[in-house]
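Observations on the model geometry
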Amino acid sequence: MEPGKRGIIIVAGGTGSRMGAARPKQFLLLDGMPVLARTINRFAEALPGAPIVVVLPPDQADFWRNLAARFEVAPHIPATGGASRYESVRNGLAALPDDCDLILVHDGVRPLVSRDLILRTAACADQYDAAVPVVEPVDSYRRIDAEGSRTVDRARLRIVQTPQAFNAGVLRSAYENPFDEEFTDDASVVERWGHAVFLCEGERTNLKITTPEDLVVAEALLEAERTDDEQKTAEGDFAAAADRASGEGKE
């Protein structure tokens with residue numbers, strides 16, 4: 001069965017308080033391009049033709065429009081954010097075309113999301129109606145309570161990432177229900193109203209840029225990506241040249 005039409009909501013409502021920068025983190029330059037622009041372009045490359053809604057706080061819309069005009073950013077639909085992520089996603093859903101069968105929701109400050117991760121999460125949601133990528137924690141954790149602290153079994157924990165992907169009907173129905181302070185992401189909204197969430201394999205390189213150190217790491221990861229792409233191109237050129245030489249030798 002052919003997959004249905006995909007729709008994308010990118011939530012970019014951060015203020016960047018932990019970044020300590022003069023502008024929100026989604027607008028900072030990462031290797032010469034705004035973080036948010038890189039995020040948009042990753043989805044446009046992975047899902048060509050899929051509508052992309054970008055949700056921004058109302059006081060950032062004009063700034064982003066002017067900033068985006070200076071770079072090559074894939075076409076996208078602007079939407080106005082709300083007081084919470086819940087409201088922002090709900091506004092994003094209203095801006096997304098009604099004919100989408102599957103909806104992916106992503107953090108605007110995860111610009112290194114790979115094509116494989118996007119497609120893998122979408123495929124899982126096609127099968128299970130709700131899917132989120134996760135990775136296993138590598139650090140140790142302690143739970144703090146009134147009696148002090150105690151060790152948490154990290155084997156029972158997972159770190160949740162985005163994009164989170166959902167059957168469109170499931171997600172839209174979940175967001176028709178009242179807001180709750182306990183909602184932490186879209187999966188928690190869907191889960192509250194009785195839908196199980198499937199966990200698929202995430203990627204450690206799917207970094208969420210929150211602090212200045214994250215930008216440094218992201219720059220290094222981008223450089224590693226370029227090096228890998230160049231090596232694959234060189235190997236492909238070498239293989240093609242070898243094939244040509246082999247063919248000429250048989251003449």
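Right, let's walk through the structure included here. (Residues numbered from 1 in each chain as written. Predicted model: local features only at pLDDT ≥ 70, side-chain atom pairs only at ≥ 80, totals over all residues. Heavy atoms only, no water.)

**Quick word on the overall build of the chain**
The number of helices and strands found in the chain is seven helices and twelve strands. Buried positions account for 44% of the 251 residues belonging to the chain. Total accessible area computed for the chain in this model is approximately 13800 Å², and 50% of it derives from carbon and sulfur atoms. (Helix = DSSP H or I, 4+ residues; strand = E, 2+ residues; numbered from the N terminus. Buried < 20%, exposed > 50% of the residue type's maximum accessible area, 1.4 Å probe, protein only. Areas by Shrake-Rupley, 256 points an atom, 1.4 Å probe, with all protein chains shown as cover.)

**Description of helix H4 (residues 115-128)**
Along its 14 residues, H4 runs 20 Å from first to last C-alpha, staying within 8% of the 20 Å computed at 1.5 Å per residue. Within the span of H4, buried status applies to Leu-117, Ile-118, Thr-121, Ala-122, Cys-124 and Ala-125. Seen from one end, H4 has its buried residues packed into an arc of 160°, which puts them on one side. Across from the buried face of H4, at angles greater than 90 degrees, the exposed residues are Arg-115 and Gln-127. (Expected span 1.5 Å × (residues − 1). Arc of directions from axis to C-beta.)

**Describing unusual backbone geometry**
In this structure, the amide linkage connecting Thr-162 to the following residue, Pro-163, adopts the cis form with an omega of 15°. Here Pro-163 lies in the loop between strand S10 (159-160) and strand S11 (164-167). Of note in the backbone geometry, Asp-129 takes a positive phi value of approximately 75° without being a glycine. Relative to the elements of secondary structure, Asp-129 occurs in the loop between H4 and strand S7 (130-135).

**Quick notes on the packing of helix H1 (residues 35-46) against H4**
Their axes nearest at 9 Å, the elements H1 and H4 cross at an angle of 65°. Classified by chirality, the crossing of H4 by H1 is right-handed. For the pair H1 and H4, the contacting residues are Arg-42, Phe-43 and Ala-46 in the first and Arg-115, Ile-118 and Leu-119 in the second. Split by residue class, the contact of H1 with H4 holds four nonpolar, no polar and two charged. (Axes fitted to C-alpha atoms, helices over the stretch in contact; angles between N-to-C directions. Left-handed = near helix turned anticlockwise from the far one by under 90°. Contact = heavy atoms within 4.5 Å. Nonpolar A, V, L, I, M, F, W, Y, C, P; charged D, E, K, R; others polar.)

**As for the pairing of strand S8 (residues 141-145)**
Judged by how many residues are buried, S8 sits mostly at the surface: zero of five residues are covered. In this antiparallel pair of consecutive strands, S8 and strand S9 (residues 148-152), the connection spans two residues. (Pairing = 2+ DSSP bridges.)

**Topic: the pattern of salt bridges**
Per the counting criterion, the structure on display carries 16 salt bridges. Ionic pairing is found between Arg-38 and Asp-31, a salt bridge with its closest N-O pair at 3.6 Å. With its nearest N and O atoms 3.1 Å apart, the salt bridge here joins Arg-110 to Asp-107. By relative accessible area, which is 8% here, Asp-107 ends up buried. Within the structure, one salt-bridge network assembled from shared partners comprises Asp-31, Arg-38, Glu-223 and Arg-226. (Salt bridge = Lys/Arg side-chain N within 4 Å of Asp/Glu carboxyl O.)

**Let's talk about helix H2 (residues 61-68)**
If you check which residues of H2 are buried, you get Trp-64, Leu-67 and Ala-68. One side of H2 holds all its buried residues, which, seen down the axis, span an arc of 90°. Across from the buried face of H2, at angles greater than 90 degrees, the exposed residues are Arg-65 and Asn-66. Buried residues along H2 sit in contact with strand S3 (33-34), H1 and strand S4 (52-56).

**Details of the nonpolar core**
Judged by nonpolar contacts, the single largest core of 32 residues is most densely connected at Ile-8, Ile-10, Leu-36, Ile-40, Trp-64 and Leu-104. Those elements giving two or more residues to this core turn out to be strand S1 (6-11), H1, S4, H2, strand S6 (102-107) and H4. Once residues within four sequence positions are removed from consideration, Ile-8 is found in contact with Phe-43, Leu-47, Ala-50, Pro-51, Ile-52, Val-53, Leu-96 and Leu-104. Counting residues in hydrophobic clusters, the runner-up holds 26 residues, among them Val-55, Tyr-86, Leu-93 and Cys-100. (Core = buried A, V, L, I, M, F, W, Y, C linked by side-chain atoms within 4.5 Å.)

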